[in-house]
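# Structural features, examined
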Amino acid sequence: MSRLKRVLIVLTTVAVVVGLALGGGALYLYSNAKVSTVGSTEFSRELAVPPLAKSTVKSDGTRLFELTMRAGEKEFRARYKTPTWGFSQDYLGPTLRAKRGEKVEVKVRNTLGEASTVHWHGMHLPAKMDGGPHQMVAPGATWKPKWTVDQPAATLWYHPHPHGRTEKHVQRGLAGLFLLDDKKSQALALPEKYGVDDLPVIVQDVKFDGAKFDHGHGMLRDTGFLGDRAMVNGTLDPYRTVGDELVRLRLLNASTARVYAFGFSDSREFAQIATDGGLLEKANRLDRIQLSPGERAEIVVRMKPGERTVLRSFPQDNYGGAWQKRFGGGDDTFDVLELRAAKKLRPSPELLGRLGELEVPAGKDSVRGRYFGLLTSGINRKPMAMGRIDETVTRGTAETWTVRNEDGVPHNFHVHDVQFRVLEVNGKEPPPELRGAKDTVFVPSGMTVKLAMRFDGPADPDTPYMYHCHLLYHEDLGMMGQFVVVEKGQKAGQVRAPHAHTGH
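Figured I'd write up the structure that's included with this text. Within each chain, residue numbers correspond to sequence positions counted from 1 in written order. pLDDT decides what is reported in this predicted model: residues at 70 or higher carry local features, side-chain atom pairs at 80 or more are listed and counted, and totals for whole chains, interfaces and linings draw on all residues regardless. The basis for the side-chain values is all heavy atoms of the structure; hydrogens and waters are excluded.

## A closer look at the packing of aromatic side chains
Each pair of aromatic rings taken from Phe, Tyr and Trp, with Trp reduced to its six-membered ring, is defined by centres within 6.5 Å and is described as stacked if the planes are under 30 degrees apart, edge-to-face if over 60, and tilted in the remaining cases. This structure, assessed with the given rule, holds 26 aromatic pairs. Ring centres of Y467 and F483 lie 6.5 Å apart, and the angle between their planes is 25°; on these two criteria the pair is classed as stacked. Placement of Y467 in strand 34 (residues 465-468) and of F483 in strand 35 (residues 480-486) is noted, with a sequence separation of 16 residues between them. Of the aromatic side chains, those joined through ring pairs into one cluster are F372, W401, F413, F455, Y465, Y467 and F483. Either the NZ atom of lysine or the CZ atom of arginine qualifies as a charge over a ring when it sits within 6 Å of the ring centre and within 35 degrees of the ring normal. Over the aromatic face of Y80 sits the side chain of R77, whose NZ or CZ is 4.4 Å from the ring centroid. Just above the ring of F208 sits the side chain of R77; from NZ or CZ to the centre is 4.0 Å. Helix and strand labels come from DSSP, where a helix needs a run of H or I of at least four residues and a strand needs a run of E of at least two; each type is numbered from the N terminus.

## Describing the side chain of Q171
When you line up the elements, Q171 lands in helix 2 (residues 166-171). A distance of 2.8 Å separates a polar atom in the side chain of Q171 from a polar atom in the side chain of H215. Aside from chain neighbours lying at most four places away, what touches Q171 is Y91, F213, H215, F225 and T256. The definition of a polar contact used here is a pair of N or O atoms within 3.5 Å, where within protein one atom must be able to donate a hydrogen and the other to accept one, and adjacent residues in sequence count solely through side-chain atom pairs. Two residues qualify as a contact provided that any one of their heavy atoms is within 4.5 Å of a heavy atom in the partner residue.

## Description of the pairing of strand 26 (residues 366-375)
Relative to strand 29 (residues 397-405), strand 26 runs parallel, the two being bridged by 8 bridges. The residue bridging R370 from the neighbouring strand is W401, located in strand 29. Being paired, for any two strands, means DSSP has found at least two bridges between them. Pairing of strand 26 with strand 27 (residues 378-379) involves 2 bridges; the strand directions are antiparallel. Bridge pairing in strand 27 places L375 opposite G378.

## Digging into the pattern of salt bridges
We define a salt bridge as a side-chain nitrogen of Lys or Arg found within 4 Å of a carboxyl oxygen belonging to Asp or Glu. Applying the stated rule across the entire model yields 44 salt bridges. Between E359 and R100 there is a salt bridge, and its shortest N-O distance comes to 3.0 Å. With a gap of 259 residues between them, E359 in the loop between strand 25 (334-346) and strand 26 and R100 in the loop between strand 5 (96-99) and strand 6 (103-110) connect regions that are remote in the sequence. For the exposure calls, accessible area comes from a 1.4 Å probe over protein chains only, and a residue counts as buried if that area is under 20% of its type's maximum, exposed if over 50%, partly exposed in between. By relative accessible area, which is 48% here, E359 ends up partly exposed. Overall, the relative accessible area of 32% leaves R100 in the partly exposed class. Between E105 and K146 there is a salt bridge; the shortest N-O distance is 3.7 Å. On the criterion of sequence distance, the pair formed by E105 in strand 6 and K146 in strand 9 (residues 146-148) is long-range, its members being 41 residues apart. Here the salt bridges share partners, and the residues they tie into one network are D276, E295, R296, K438 and D439.

## A closer look at the nonpolar core
Counting 29 residues, the largest nonpolar core has L249, L251 and F262 as the members making the most contacts within it. Counting residues per element, the ones that place at least two in this core are strand 12 (198-206), strand 15 (229-232), strand 18 (246-253), strand 19 (260-264), strand 22 (289-291), strand 23 (296-302) and strand 25. Among the elements that line this core, the one with the most residues is strand 25, at 6 residues. Only buried Ala, Val, Leu, Ile, Met, Phe, Trp, Tyr and Cys residues count toward a nonpolar core, and they belong to the same one when joined by side-chain atoms within 4.5 Å.

## Quick look at empty space enclosed by the protein
Where empty space is left becomes clear once a probe the size of a water molecule has been rolled over the atoms. Throughout, the protein atoms alone are placed on a 1 Å grid, and a set of points is a cavity if a 1.4 Å probe fits but cannot get out or a pocket if it is open with protein on both sides within 12 Å along at least five of seven lines; lining residues have an atom within 4 Å of a point. Grid points are joined across faces, edges and corners, and a volume is the space filled by probe spheres set on the points. Within the structure shown, the criterion is met by 1 cavity of 30 Å³ or more. Counted as a void, the largest cavity has a volume near 110 Å³. Surrounding the largest cavity, 14 residues form its lining, Q171, Q204, D205, V206 and F225 being those nearest its centre. Of all the secondary-structure elements, those providing two or more residues to the lining of the largest cavity are helix 2 and strand 12. The biggest single contributor to the lining of the largest cavity is strand 12, with 3 residues. Gly is placed with the polar residues, together with every amino acid not listed as nonpolar (Ala, Val, Leu, Ile, Met, Phe, Trp, Tyr, Cys and Pro) or charged (Asp, Glu, Lys and Arg). Tallied by class, residues from the lining of the largest cavity come to 6 nonpolar, 5 polar and 3 charged.

## A few points about the sheet that holds strand 7 (residues 119-121)
Adjacent strands of a sheet pair through backbone hydrogen bonds, lying either parallel or antiparallel. Reading across the sheet, the 4 strands line up as 5-11-10-7 and stay open at both edges, with mixed pairing between neighbours. The sheet is open, and its two edges are formed by strand 5 and strand 7, each paired on a single side. In this sheet, neighbouring strand axes are inclined to one another by 25° on average, regardless of whether the strands run parallel or antiparallel. Where strand 7 and strand 10 (residues 154-159) come together, 3 bridges link them in antiparallel fashion. What sits directly across from W120, in strand 10, is Y158. Axes here mean lines fitted to C-alpha atoms, for a helix over just the part in contact, with angles spanning 0 to 180 degrees between N-to-C directions.

## Here we look at the side chain of H159
Of note, H159 is situated in strand 10. A relative accessible area of 0% means that H159 is categorised as buried. Those residues in contact with H159, other than ones at most four positions away along the chain, are T117, V118, H119, H121, V170, L174 and H470.

## Side note on the environment of W85
By secondary structure assignment, the location of W85 is in strand 4 (residues 80-87). W85 gets classed as buried once you look at its relative accessible area, which sits at 11%. Here the alpha-carbon distance between W85 and G195, two residues 110 residues apart in the chain, equals 23 Å. When sequence neighbours within four positions are dropped, the list of residues in contact with W85 reads R70, A71, D90, Y91, L92, L112, E114, H169, R172, G173 and L174.

Okay, structure coming up:
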């Protein structure tokens, strides 16, 4: 045998061995990427309900809340004390509640070791009060945003928004609900006793490394952090005993990257009554509802005396290819919350056929359209720049925005300040669960959505709002842009360099 032949045989053997090793490694990673907690969730801890935040009313009628960003520790698991962050408590924050027409002010203190922000997700308010990356609060400082609530009853939330660090700030526990009420919603016969038949359900996926949170993304996880357990309101393995025939669940996907498809273990139907921005015109009967990070939905489920059912997140098939679906969490199944009905239940009135009226434009009066191409590297191929204004809109006008996922990675799209109507999904009428007021929408691989929205101001040519992917790893990488609202004929101003509020 010639020397050349021996070399070729050796090289071929090495290539085969390397190929088998790589193939075996890929197969191992693929098979181990799937997560299921069905059968392993013990439902041994009673669901915690975030307390309603205390408030005072000032002499001018302004409702004042106080929040303190602080470090702490929480025993999620017996004998393990996990370092955490929270608002006025060790983990998460209290539920703020206000009525339409009220003036509100929030005194935000930062006692952390680094600057952060508080963004009022879904709230219509002046840009300087929005809590985006231009409204940083320095360690030891206090920020006092104030505005008038001018939007329908809805389930909103608040969370940090520091550019490049949002994912970890939210993962550590900085998040809470902000509920809005109005006269129309309070006149409806809906479950409304907070913590009794009206339950907040803040869902996060987590992973632990000993006592600490594991924030690692894992190999091939280009969506961001994906945990191996689900937690509700900071409670692992949660159950809740309910005493009413109808129970309202205010679902919030507060995870940083994971998308959930919520339903019940026995496939029972439920009524969806609200989307991100408030009540639907009429309830939808569903057995699944998909929520990407930042999205909310209010659902009402009927219970029978003595029964149990599990709120579960099911596998999803709209992530793109099989590889992206597996490594993006689309194959995963999570048992989220067990509902336990008391042996005797208080009767609940039937849901009305008509719930509300949508205060979002239908697209017919849009004065212009804009296009937003979603790529992990940046929106419209431009990574975020804090000093650049990307879009300028005129106060009082409506527009139609076309948003398309241009790469193979799941994304979603969130717009600050406004609620929008989903006009189309891939050129067709949106499904019933997307026909309400929205501020965040899932845009998986290859999908195009058309959104109609109105910009009611106030105008501020120098202070921008954000639009971005709410998969927070993508946002931190720079998948975000900025727009300002101006008066007719006015030009965008100059964005001031971001600085942290340092006043007390």
